[in-house]
Amino acid sequence: MKSYLYLAALILCSHPLWSQYSVQDLPQLQDYESQRSSSFDQTGGNHDYVTVNPGETVKIFDQDGPGEIRHIWTTLPGWSEAYAHQKVVIRAYWDGESQPSVESPMGNFFGIAFARPPVFQSALISVLPAQALNSYFPMPFRKHGLITITNEGSKPITDYYWNIDWVKLPSVSPKAAYFHAQYRQCTPCKGWYNGNIYGNDFSGAHKDPRWFNKTGEGNYVILDTKGEGEFIGVIFSVFNNQWGAWNEGDDMIWIDGEQQPRIHGTGGEDYFNSAWGFGQLYATPLVGLVEFSGEEPGSRSTMYRWHLDAPIRFHQSIKVTMEDGQANLRSDNIYSVAYWYQTEPHVPFPPLPPVEKRIPKTAWTGGAGQDPAMK
């Protein structure tokens, strides 16, 4: 146990961008002012929360810089409405920009894709009992920082709480990039094979020329952006529409407009540092499988990976992708949030899917698990 804690501390302190403190630095007095933005009851009472009505937007952080957010804690009652975490959207704007640098359903941003919050601890995102959502991403801003949440559901979100710990700084380093996070989904992905793959028999698929994916065509896109920055990682969730495993697909990452992916992995579970498929849950500082219910239609899985060992650097552009099964033969529902830092301006985000499209549910795609003729 002691060795695990030491490793976690070492990882968190290994890079200046997110090593907010290392143990050896604690005696050194730093030049900043400690601050907090929260939902506390300013009358001195115990009404330390707000109600967010349908269609309403609430500012949970609205501060002048220079400064840096160090920790976000927030929670909302899951009983307010089914899939409430998918119906509340979090957005962040740095230094007066008109387009958000962060836009995601709150649930997916914190690793909740399927209504029931998993409990896990990682270096950057943690969900603790009960439904306590935590982010430890440093979020610097020079002039102004603004974070909002919007209720896109049909019922009020009652008892909404937040604490945001930040520091007021004399200045922000000119080398510091801005934090970004972007939600994407495909529901369903456009797979090309509906044959009988029970028993992992892919002999029929082998005869199709699409079995060989050399170009990345049809890959699920986690992030596609231009500028200069570092890709930090992803929270990735899959809802099975068919029987079987999505994770035979490879990760492929194109950097700075190169014709071939500079980074090409060997499988989904390999990217998330598991092996021979998924099964037992795990959560480490850098990688985790925090939800897994099998490989039947309707099964759900959520996982994360943080590239704190070496954030993936790009100078002009980056495209981060993942196959849904070998060569994208499957037709699952996939939901993801990409996290990265970059200089501004950033490419405008794709439109956020409407709330009814963000609710996980089975899509009719045919194939194993849906076609009763297949055994």
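What you see is a predicted model, and the numbers here were worked out from it, not measured in a lab. (Residues numbered from 1 in each chain as written. Predicted model: local features only at pLDDT ≥ 70, side-chain atom pairs only at ≥ 80, totals over all residues. Heavy atoms only, no water.)

### Quick word on the overall build of the protein
In plain terms, the rule: Helix and strand definitions follow DSSP, with helices as H or I runs of at least four residues and strands as E runs of at least two, each counted in order from the N terminus. For a compact globule the rule gives 2.2 Å times the number of residues to the power 0.38, and the radius of gyration it is set against comes from C-alpha atoms. Residue contacts are defined here by distance: any two heavy atoms, one from each residue, within 4.5 Å place the two residues in contact. Only the protein chains shown count as cover for residues, with accessible areas throughout obtained via the Shrake-Rupley method and a probe of 1.4 Å. Positive charges are assigned to Lys and Arg, negative charges to Asp and Glu, while His and the chain termini are left out of the count. Charge positions come from single atoms, namely NZ of Lys, CZ of Arg, CG of Asp or CD of Glu.
A tally of regular secondary structure across the protein gives five helices and 23 strands. Relative to the globule expectation of 21 Å for 375 residues, the C-alpha radius of gyration of the protein, 21 Å, shows essentially globular dimensions. Each principal axis of the C-alpha distribution contributes one length, and for the protein these read about 65 × 45 × 45 Å. Here the contacts in the protein between residues at least 6 apart in sequence split such that 79% fall between residues at least 24 apart. For the protein, the exposed surface amounts to about 17,200 Å²; the carbon and sulfur share of it is 53%. In the protein, the 28 positive side-chain charges and the 39 negative ones have mean positions that sit 3 Å from each other.

### Examining the pattern of salt bridges
So the rule is basically this: Just to be clear on terms, a salt bridge is a Lys or Arg side-chain nitrogen sitting within 4 Å of an Asp or Glu carboxyl oxygen.
One pass over the structure, following the stated rule, counts 11 salt bridges. One salt-bridge network, in which partners are shared between bridges, spans Arg91, Glu103, Glu152 and Arg358.

### What about the sheet that holds strand 22 (residues 317-322)?
The line we're drawing: What makes two strands pair is DSSP finding at least two bridges between them.
Ordered by their spatial adjacency, four strands build an open sheet running 14-22-16-17, and the pairing between neighbours is antiparallel. Across the chains shown, the open sheet's two edge strands, defined by having one partner strand only, are strand 14 (220-226) and strand 17 (263-264). Across five bridges, the pairing between strand 16 (residues 251-255) and strand 22 is antiparallel. Paired with Ile253 across the two strands is Val320, which belongs to strand 22.

### Concerning the state of the cysteines
Using the following cut-off: In this description, a disulfide is simply a cysteine sulfur pair whose atoms lie within 2.5 Å. For every residue, the accessible area obtained with a 1.4 Å probe (protein chains only) is divided by the maximum for its type, and the residue is called buried under 20%, exposed over 50%, and partly exposed between those limits.
Across all of its chains, the model carries one disulfide by this definition. What pairs with Cys186 in a disulfide is Cys189, and their sulfur atoms sit 1.8 Å apart. Owing to a relative accessible area of 15%, Cys186 belongs among the buried residues under this scheme. By relative accessible area, Cys189 is classed as buried at 12%.

### Considering the nonpolar core
Generally speaking, a soluble globular protein has its nonpolar side chains buried in company with each other. Note the cut-off: To form a nonpolar core, buried Ala, Val, Leu, Ile, Met, Phe, Trp, Tyr and Cys residues must be joined to one another through side-chain atoms within 4.5 Å.
Counting residues in each nonpolar core, the largest one holds 54 residues, and the members touching the most others are Ile69, Phe109, Phe137, Ile147, Phe179 and Trp306. Excluding residues that lie within four positions of it along the chain, Ile147 makes contacts with Val58, Lys59, Ile60, Phe61, Ile69, Ile72, Ile90, Arg91, Ala92, Trp94 and Ile164. One finds Leu223, Ile253, Ile255 and Ile312 within the second-largest nonpolar core, a separate group that totals 26 residues.

### What about the packing of aromatic side chains?
Defined as follows: To pair, rings of Phe, Tyr and Trp, with the six-membered ring standing in for Trp, must have centres within 6.5 Å; the planes then decide the type, stacked if under 30 degrees apart, edge-to-face if over 60, and tilted in the middle. The rule is short: NZ of Lys or CZ of Arg within 6 Å of the ring centre and within 35 degrees of the ring normal puts a charge over the ring.
Per the counting criterion, the structure on display carries 29 aromatic pairs. Centre to centre, the rings of Phe114 and Tyr335 are 6.2 Å apart; their planes meet at 85°, and the pair counts as edge-to-face. Here the residue Phe114 occupies a position in the loop between helix 3 (106-109) and strand 7 (120-121), and Tyr335 occupies one in strand 23 (residues 333-342), the gap between them amounting to 221 residues. With relative accessibility at 2%, the residue Tyr335 sits in the buried group. Judged by centre distance (5.9 Å) and plane angle (40°), the rings of Phe141 and Trp166 are tilted. One end of the pair, Phe141, is in strand 10 (residues 139-141); the other, Trp166, is in strand 12 (residues 157-168), and 25 residues separate them in sequence. The exposure class of Phe141 is buried, given its relative accessible area of 0%. Judged by relative accessible area, Trp166 falls into the buried class, the value being 4%. We note Arg70 situated over the ring of Tyr32; from NZ or CZ to the ring centre the distance is 6.0 Å. Here the guanidinium or amino end of Arg305 rests over the ring plane of Tyr271, the centre of that ring lying 4.8 Å away.

### Some thoughts on the pairing of strand 5 (residues 88-94)
Successive residues of a regular strand alternate their side chains across the two faces of the sheet. Within strand 5, seven of the seven residues are buried, which leaves the element mostly enclosed by the surrounding structure. For strand 5 and strand 11 (residues 144-151), the ladder comprises seven bridges, and the chain directions are antiparallel. The residue bridging Arg91 from the neighbouring strand is Thr148, located in strand 11. Examined bridge by bridge, strand 5 and strand 6 (residues 102-105) share four bridges and lie antiparallel to one another. Each residue of the ladder has a partner; that of Ala92, found in strand 6, is Val102.

### A look at unusual backbone geometry
Note: most peptide bonds trans; most residues except glycine with negative phi. Residue Pro66 follows Gly65 across a cis peptide bond; omega there is 0°. The topology assignment puts Pro66 in the loop between strand 3 (57-64) and strand 4 (67-75). With an omega of -15°, the peptide bond between Pro129 and Ala130 qualifies as cis. Note on placement: Ala130 falls in the loop between strand 8 (125-128) and strand 9 (132-135). Here Asn273, not a glycine, exhibits a phi torsion of approximately 65°, which is positive.

### Quick notes on the pairing of strand 4
Most of strand 4 sits inside the fold, with eight of its nine residues counted as buried. Pairing of strand 4 with strand 10 involves three bridges; the strand directions are antiparallel. Residue pairing across strands places Gly67 opposite Phe141, the latter belonging to strand 10. As defined by bridge partners, strand 4 adjoins strand 12 across eight bridges and the pair is classed as antiparallel. Within the sheet, the bridge partner assigned to Trp73 lies in strand 12 and is Asn163. Where strand 4 and strand 9 come together, three bridges link them in antiparallel fashion. Paired with Thr74 across the two strands is Leu133, which belongs to strand 9.

Just geometry here; none of it tells us what the structure is for.
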